[in-house]
Amino acid sequence: MALASANSFLLPTKTHLALHVSPPPSKKTLLLCTNPSSKFNLNKALSSRRRKQAWCVAAAADVKDATLLDGEEDQKVLVGPSSEQERKGEREVADYDWTEEWYPLYLTKNVPHDAPLGLKVYDKNIVLFRDGNDQFQCYEDRCPHRLAKLSEGQLIDGRLECLYHGWQFEGEGKCVKIPQLPADAKIPKSACVKTYEVRDSQGVLWVWMSRKTPPNVSKIPWFENFARPGFQDISTTHELPYDHSILLENLMDPAHVPISHDRTDWSAKREDAQALGFEVTERTDRGFAGWWGREKDGSKPNFLRFEAPCVLQNNREIVDKNGEINHFSGLFLCRPTGQGKSMLIVRFGATKRSPLIKLFPEWYFHQNASKVFEQDMGFLSSQNEILLKEKVPTKELYLNLKSSDTWVAEYRKWMDKVGHGMPYHFGHSTISLPEEPAVVEHAPAGLVAGLSASSPAKGGIGTMHAPNLANRYFRHVIHCKGCSTAIKAFQIWKNVLSGVVVALAALAILVSGRQWKVLLLASASLCSVGVYACSTAIAMNTTNFIRVHRRL
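Each value, and the rule that gives it
- Per-chain numbering applies: the sequence of each chain, read as written, is numbered from 1 onward.
- Where local features are concerned, this predicted model is filtered to residues with pLDDT of at least 70; where side-chain atom pairs are given and counted, the filter is 80 or more; whole-chain, interface and lining totals use all residues.
- No hydrogens and no water enter the side-chain calculation; it runs on all heavy atoms of the structure.
- Whenever Lys or Arg places a side-chain nitrogen within 4 Å of a carboxyl oxygen from Asp or Glu, that contact is recorded as a salt bridge.
- Only DSSP runs of H or I covering at least 4 residues are called helices, and only runs of E covering at least 2 are called strands; the numbering of each starts at the N terminus.
- Only protein chains enter the accessibility calculation, which uses a 1.4 Å probe. A residue is then buried if its area is under 20% of the maximum for its type, exposed if over 50%, and partly exposed in between.
- UniProt positions are given in the numbering used here, feature names are shortened, and annotations may be inferred rather than shown by experiment.
- Strand pairing is defined by DSSP finding a minimum of two bridges between the two strands.
- Comment: axis = line fitted to C-alpha atoms, over the contacting stretch for helices; angle = value between 0 and 180 degrees taken between N-to-C directions.
- Whenever two N or O atoms come within 3.5 Å, that pair is a polar contact, provided that in protein one can donate a hydrogen and the other can accept it, and provided that, for residues adjacent in sequence, both atoms are side-chain atoms.
- Contact between two residues is taken to exist if any of their heavy atoms lie within 4.5 Å; hydrogens are not considered.
- In this analysis, the expected span of each helix is defined as 1.5 Å times one less than the number of residues it contains.
- Each patch is assembled from residues with relative accessible area greater than 30% and no salt bridge, linking like charges that lie within 9 Å and nonpolar side chains (Val, Leu, Ile, Met, Phe, Trp, Tyr) that lie within 5 Å.
- Surface accessibility in these figures is a Shrake-Rupley result with a 1.4 Å probe; residues are shielded only by whichever protein chains are displayed.
- Any two of the Phe, Tyr and Trp rings considered here, Trp counted by its six-membered ring, make a pair once their centres fall within 6.5 Å; the pair's planes then place it as stacked at under 30 degrees, edge-to-face at over 60, or tilted in between.

Focus: the pattern of salt bridges
Between side chains of opposite charge, a pair can form as their charged atoms come close.
And step 1. Applying the stated rule across the entire model yields 19 salt bridges.
And step 2. Between arginine 159 and glutamate 170 there is a salt bridge; the shortest N-O distance is 3.3 Å. Of this pair, arginine 159 sits in strand β9 (residues 159-161) while glutamate 170 is found in strand β10 (residues 168-170), placing the two residues eleven residues apart along the sequence.
And step 3. With relative accessibility at 28%, the residue arginine 159 sits in the partly exposed group.
And step 4. Shared partners join several salt bridges into a network, and the residues in it are Glu92, Asp285 and Lys417.

Below is the structure:
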């Protein structure tokens, strides 16, 4: 399988689209629109570009040779054309259909045994569940009767039942029960649901979104490090309130870590922010790969690979004093869940881990991961808003530095190749706008109705359980069996210890012996500490990180 996956990555098919444009006198940027319905105004964009250049030059009027975008000095630090075709103004186009891909759905271990799970891939609603044989089934999340969401239903003897009228489905989407039918009537053949193919690979469930093309198993990603003997990982799942392309940009951007995540753990310190070196070693229609590291060292020990549709891995080999090679992987499996929304499976692992890790429960690392994403959430959401508002390719908005943004530029240029085969995209020099603006999709009524219906936590809306992508409980805990179990356990212990505190305090009042009073009150105090510890643990898993600015 690994070889087949590698072959599909290294043997792409492609065509070239050459655009012949007379060279303008002022190095104007060529913008390409792959979707005519976007009504992208080229002149408006170029005017915006000229205004930007004029502002930059005016702001630096007192500085000698201040030509910010066209100056030779800028070309030394900004990312330039990466191919001869780009230099000539030609665009490379690859055959691509977003449905003919495997998308990461869920961590296998977190799929409920007793309830269906409503999920999305782009704008497609699907429902995932385990049937009576513990096999995974995936249907379109829509009952053929009256279009109710099947994810709002329940499992009865391994069958998926719609809670509206009790229609039940099993296997390949066949309807096997309609309570309202007369006893002598047969179930109509048309009373079935559309199905999607799912596969379990290395602890992750993948879905094939095409219903026209048979599943291409060779396209399921295979990660060599995760198959190594002794490899262990810590995996988390997060829903996030910004586009999957912005999420992937952020994940392939090591330069932001020292600043954005300063002292979140021992590895991030803002004083370590510095120039980085990058070397692109592969470019195909399926993605790109290369090495990176600190520029001052001249070494590039980290290997990054991006593979279609939205898989990113960062690997490193560390040789210990005994000459043994330890393999480390940071794996990011992203799934588009609509405009301005995405879902991410994060898997950090290694063949050898520090013994200190065993001292901490898994939920501790999960809440720390949630904190990291919350630190990024504010500025990534604002980036999402600007892209939708400006309606121009990233080349017109970004200033990509060679020493920090090489992967970001590579990713957006890959979007130029394949974006025409996606529902919408923002490329480096191309753009295809969403048919329906995200602001409409995120209207209050639609937000509550849509998210509550697709959430594993069904029913009424409470404070902690509110369907809110900014809420840590909703973004992570409801998708994680480990954290959900931990919170329930802490809540039980908190209630029990609180009851014990009250009982001990009451006994201390009633008893007459001084020694007994002291003993009972001391015990009540210890139990109070336990109550506080349980409350703290619950808060760590359910309370968002709030950035407090400090003087530098």
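Description of the UniProt feature "transmembrane region" (unreviewed entry) in the chain
And step 1. Using the residue numbers shown here, the UniProt feature "transmembrane region" (unreviewed entry) corresponds to residues 492-511 and 518-540.
And step 2. This span, residues 492-511, is 95% helix and 0% strand, and a straight line between its end C-alpha atoms measures 29 Å.
And step 3. Structurally, residues 518-540 comprises 100% helix and 0% strand, and the distance from its first C-alpha atom to its last is 33 Å.

Observations regarding the sheet that holds strand β13 (residues 204-208)
Two orientations exist for strands paired in a sheet by backbone hydrogen bonds: parallel and antiparallel.
And step 1. If you walk across this open sheet you meet the three strands as β4-β13-β12, and the pairing is antiparallel. In this open sheet, the two strands that pair with only one neighbour each are β4 (102-107) and β12 (197-201). In this sheet, neighbouring strand axes are inclined to one another by 30° on average, regardless of whether the strands run parallel or antiparallel.
And step 2. Of the strand pairs in this sheet, β12 and β13 are connected by five bridges, and their pairing is antiparallel. Bridge pairing in β13 places serine 201 opposite valine 204.

Some details on the side chain of glutamate 249
And step 1. Within the fold, glutamate 249 resides in helix α5 (residues 244-251).
And step 2. Within the structure, the side chain of glutamate 249 is placed 2.9 Å from the side chain of glutamine 383, a separation counted as a polar contact.
And step 3. If we skip the residues at most four places from it in the chain, glutamate 249 touches Gln383, Tyr398, Val408, Tyr411 and Arg412.

Re the environment of valine 311
And step 1. In this structure, valine 311 sits in strand β18 (residues 311-319).
And step 2. Given a relative accessible area of 2%, valine 311 falls into the buried group.
And step 3. Sequence spacing of valine 311 and arginine 335 is 24 residues, and the spatial spacing of their C-alpha atoms is 8.9 Å.
And step 4. Once you skip the residues sitting within four places of it in the chain, valine 311 turns out to touch Trp206, Pro221, Phe223, Arg305, Phe306, Leu331, Phe332 and Leu333.

A look at helix α13 (residues 514-542)
And step 1. Look at α13: 42 Å from first C-alpha to last across 29 residues, which is about the 42 Å you get at 1.5 Å a residue.
And step 2. All buried positions along α13 are accounted for by Leu520, Ala524, Cys527, Gly530, Val531, Cys534, Ala537, Ile538, Asn541 and Thr542.
And step 3. Each element contacted by the buried residues of α13 is listed here: α7 (362-390), α11 (472-475) and α12 (481-510).

Here we look at α12
And step 1. Spanning 30 residues, α12 covers 44 Å between terminal C-alpha atoms, matching the ideal 44 Å at 1.5 Å per step.
And step 2. Of all the residues in α12, the buried ones are Cys483, Ser484, Ala486, Ile487, Leu497, Val501, Leu504 and Ala508.
And step 3. Those residues of α12 that are buried are in contact with α7, α11 and α13.

As for a nonpolar patch on the surface
And step 1. Taken together, the side chains of Leu356, Leu359 and Phe360 make up a nonpolar region of the molecular surface, amounting to roughly 340 Å² of accessible area.
And step 2. Structurally, leucine 359 can be placed in the loop between β20 (342-350) and α7.

Here we look at the packing of aromatic side chains
And step 1. All chains considered together, the criterion is met by 22 aromatic pairs.
And step 2. Residues phenylalanine 223 and phenylalanine 226 carry aromatic rings whose centres are separated by 6.3 Å and whose planes lie at 65° to one another, so their mutual orientation is edge-to-face.
And step 3. Put simply, the rings of Tyr96, Phe278, Phe288, Phe306, Trp407, Tyr411 and Trp414 touch in pairs and so form one group of aromatic residues.

With respect to the sheet that holds strand β6 (residues 124-130)
And step 1. Spatial strand order, β5-β6-β7: three strands in an open sheet with antiparallel pairing. One side of each edge strand has no neighbouring strand; the edge strands of this open sheet are β5 (117-121) and β7 (136-140). Strand-to-strand twist across the sheet, computed as the mean angle between neighbouring axes with direction ignored, equals 30°.
And step 2. By the bridge criterion, five bridges tie β5 to β6 in an arrangement that is antiparallel. Among the inter-strand pairings, glycine 118 is bridged to a residue of β6, identified as valine 127.

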